[in-house]
Amino acid sequence: MAIERINLLGVPVDICEPQNLESEVMEIMAMPGTKQIIFLSIWDLFKARHNEDFAECLKSAALILPISKSILRGAKFLKKDIPVRYNPFTAAIQILSIMDSHYKSIYLLGSSKKTLQQAEVNLRDTFPQLKIIGRFVGYYSKNAESSLVEAIFKSQPDLVLISDGIPEKNCWAYHRRNSFSSSIFLYYKDAFGIFSERIKRVKEKTFDRGHEIFVEILHNPFKIFLLFPFLWYILVLVWYRLFRKNK
């Protein structure tokens, strides 16, 4: 594989050039067992530093694509190779396009029934060669868990796209990795909301500037308190730069 995995404050991050994404996805698809592609935000990086379970989930992932500008700035500050930042919406579309061009299959997991149904309709219109071989709503009861896992195992989709309504998020597939034979799992919370046109995606200019956090704060003012862990991130970067140059 043509990716480079760096270590940022003890958390793995992959460097994958956009022109290599298709070949990387196809190589991952050819691997046996449960595989994951993870969109890594700065908040995920904070979580991985203090949550051993999530840290192990990241370490086992086949591809970790950074989506926060702060991750790139941190790598640059520590004089490491700088990763390529991905817009999760654009990356999801690219991955679905790859699947579509190679006539691959997908399983949809998450969201409410209406949102999932509309997202499926729009996906079929946009990606006509992409075979949608199953779907399961989010917010399901614990009693439905075994039926869901069995359905994914039997259908063996090339990709399982996970959206909102799955409490374990990225760790859902990791915790059940021994229950599936061969699929890629991708968690993108807003996937079906955007694909169903029920929610708006962040504008390209806003994302490119790294200002998407301000949009989140507008929707949830309590996220202003994320300023404190971000300040801690800056302090840790300085500490690593001064005292842990080889880490």
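What comes next concerns the included structure. (Residues numbered from 1 in each chain as written. Predicted model: local features only at pLDDT ≥ 70, side-chain atom pairs only at ≥ 80, totals over all residues. Heavy atoms only, no water.)

1. Let's talk about a nonpolar patch on the surface
Point 1. Taken together, the side chains of Phe-77, Leu-227, Phe-228, Leu-231, Ile-234, Val-238, Trp-239, Leu-242 and Phe-243 make up a nonpolar region of the molecular surface, amounting to roughly 880 Å² of accessible area.
Point 2. If one sorts the elements of the nonpolar patch by residue count, helix H12 (residues 227-243) sits on top with eight residues.
Point 3. Looking at the secondary structure, you find Leu-227 in helix H12. (Patch = residues over 30% accessible without salt bridge, like charges linked within 9 Å, V, L, I, M, F, W, Y side chains within 5 Å. Areas by Shrake-Rupley, 256 points an atom, 1.4 Å probe, with all protein chains shown as cover. Salt bridge = Lys/Arg side-chain N within 4 Å of Asp/Glu carboxyl O. Helix = DSSP H or I, 4+ residues; strand = E, 2+ residues; numbered from the N terminus.)

2. Overview of helix H1 (residues 21-30)
Each turn of an α-helix holds 3.6 residues, which means side chains three or four residues apart point in the same direction.
Point 1. Where H1 is concerned, the buried positions are Leu-21, Glu-24, Val-25, Ile-28 and Met-29. Projected down its long axis, H1 shows its buried positions confined to an angular sector of 135°, all on one face. (Buried < 20%, exposed > 50% of the residue type's maximum accessible area, 1.4 Å probe, protein only. Arc of directions from axis to C-beta.)

3. With respect to the pattern of salt bridges
Point 1. The final tally for this structure, using the stated rule, is eight salt bridges.
Point 2. Two residues, Asp-14 and Arg-5, come together in a salt bridge whose shortest N-O distance is 2.6 Å.
Point 3. Of the charged contacts, one joins Arg-176 and Glu-145 as a salt bridge, the two residues approaching to 2.4 Å between their closest N and O atoms. Separated by 31 residues along the polypeptide, Arg-176 in the loop between helix H8 (171-175) and strand E8 (182-187) and Glu-145 in helix H7 (residues 145-155) bring together distant segments of the chain.
Point 4. If you follow the salt bridges from partner to partner, you end up with Glu-120, Arg-124 and Arg-135 in one network.

4. What about the packing of helix H2 (residues 42-50) against H12?
Point 1. Contact pair H2 / H12: the axes reach a minimum separation of 11 Å and the direction vectors enclose 65°. Considering their axes alone, H2 and H12 lie roughly perpendicular with respect to each other. In this structure, H2 crosses over H12, and the sense of that crossing is left-handed. For the pair H2 and H12, the contacting residues are Ile-42, Trp-43, Leu-45, Phe-46 and Arg-49 in the first and Pro-229, Phe-230, Tyr-233, Val-236 and Tyr-240 in the second.
Point 2. Across the contact of H2 with H12, the residue classes tally to nine nonpolar, no polar and one charged. (Axes fitted to C-alpha atoms, helices over the stretch in contact; angles between N-to-C directions. Parallel < 35°, antiparallel > 145°, perpendicular 65-115°, else oblique. Left-handed = near helix turned anticlockwise from the far one by under 90°. Contact = heavy atoms within 4.5 Å. Nonpolar A, V, L, I, M, F, W, Y, C, P; charged D, E, K, R; others polar.)

5. Focus: the nonpolar core
Point 1. Counting residues in each nonpolar core, the largest one holds 37 residues, and the members touching the most others are Ile-37 and Phe-195.
Point 2. No other element matches helix H5 (residues 88-101), which puts seven residues into this core.
Point 3. Core analysis: the next-biggest nonpolar cluster, separate from the first, contains 26 residues, Ile-6, Leu-40, Ile-71 and Val-236 among them. (Core = buried A, V, L, I, M, F, W, Y, C linked by side-chain atoms within 4.5 Å.)

6. Describing H2
Point 1. Buried within H2 are the following residues: Ile-42, Asp-44, Leu-45, Phe-46 and Ala-48.
Point 2. Taken together, the buried residues of H2 touch strand E1 (4-8), strand E2 (11-15), strand E3 (33-40), helix H3 (52-60), helix H4 (69-77) and H12.

7. Focus on the packing of aromatic side chains
Point 1. Going through the model one piece at a time under the given rule, you end up with 11 aromatic pairs.
Point 2. Taken together, a centroid distance of 5.4 Å and an interplanar angle of 75° make the contact between Trp-43 and Phe-46 edge-to-face. Of this pair, Trp-43 and Phe-46 both sit in helix H2, three residues apart, which is roughly one turn of that helix.
Point 3. Using a relative accessible area of 25% as the deciding quantity, one classes Trp-43 as partly exposed.
Point 4. Taking relative accessible area as the criterion, Phe-46 reaches 13% and is therefore assigned buried.
Point 5. Taken together through their ring pairs, the aromatic side chains of Trp-43, Phe-46, Phe-230 and Tyr-233 make up a single cluster. (Phe/Tyr/Trp six-rings, centres within 6.5 Å; stacked < 30°, edge-to-face > 60°.)

8. Quick look at the packing of H4 against H12
Helix-helix packing: each pair is described by the crossing angle between the helix axes and the interaxial distance.
Point 1. Two elements in contact, H4 and H12, have axes separated by 10 Å at closest approach and are oriented at 20°. Regarding the angle of H4 to H12, the classification is roughly parallel. Our pair here, H4 against H12, has a crossing hand that is right-handed. Of the residues in H12, those touching H4 at Ser-70, Ile-71, Gly-74 and Phe-77 are Phe-230, Tyr-233, Leu-237, Val-238 and Arg-241.
Point 2. Split into classes, the residues belonging to the contact of H4 with H12 amount to six nonpolar, two polar and one charged.

9. Here's the deal with the side chain of Ser-196
Point 1. Take Ser-196: it is sitting in the loop between helix H9 (191-195) and helix H10 (204-208).
Point 2. There is a polar contact of 2.7 Å between the side chain of Ser-196 and the backbone oxygen of Phe-192.
Point 3. Within the structure, Ser-196 has its side chain in polar contact with the backbone oxygen of Gly-193 (distance 3.1 Å).
Point 4. Excluding residues within four positions of it along the chain, Ser-196 makes contact with Thr-115, Gln-118, Ala-119 and Asn-122. (Polar contact = N/O pair within 3.5 Å; in protein donor to acceptor, adjacent residues only side chain to side chain.)

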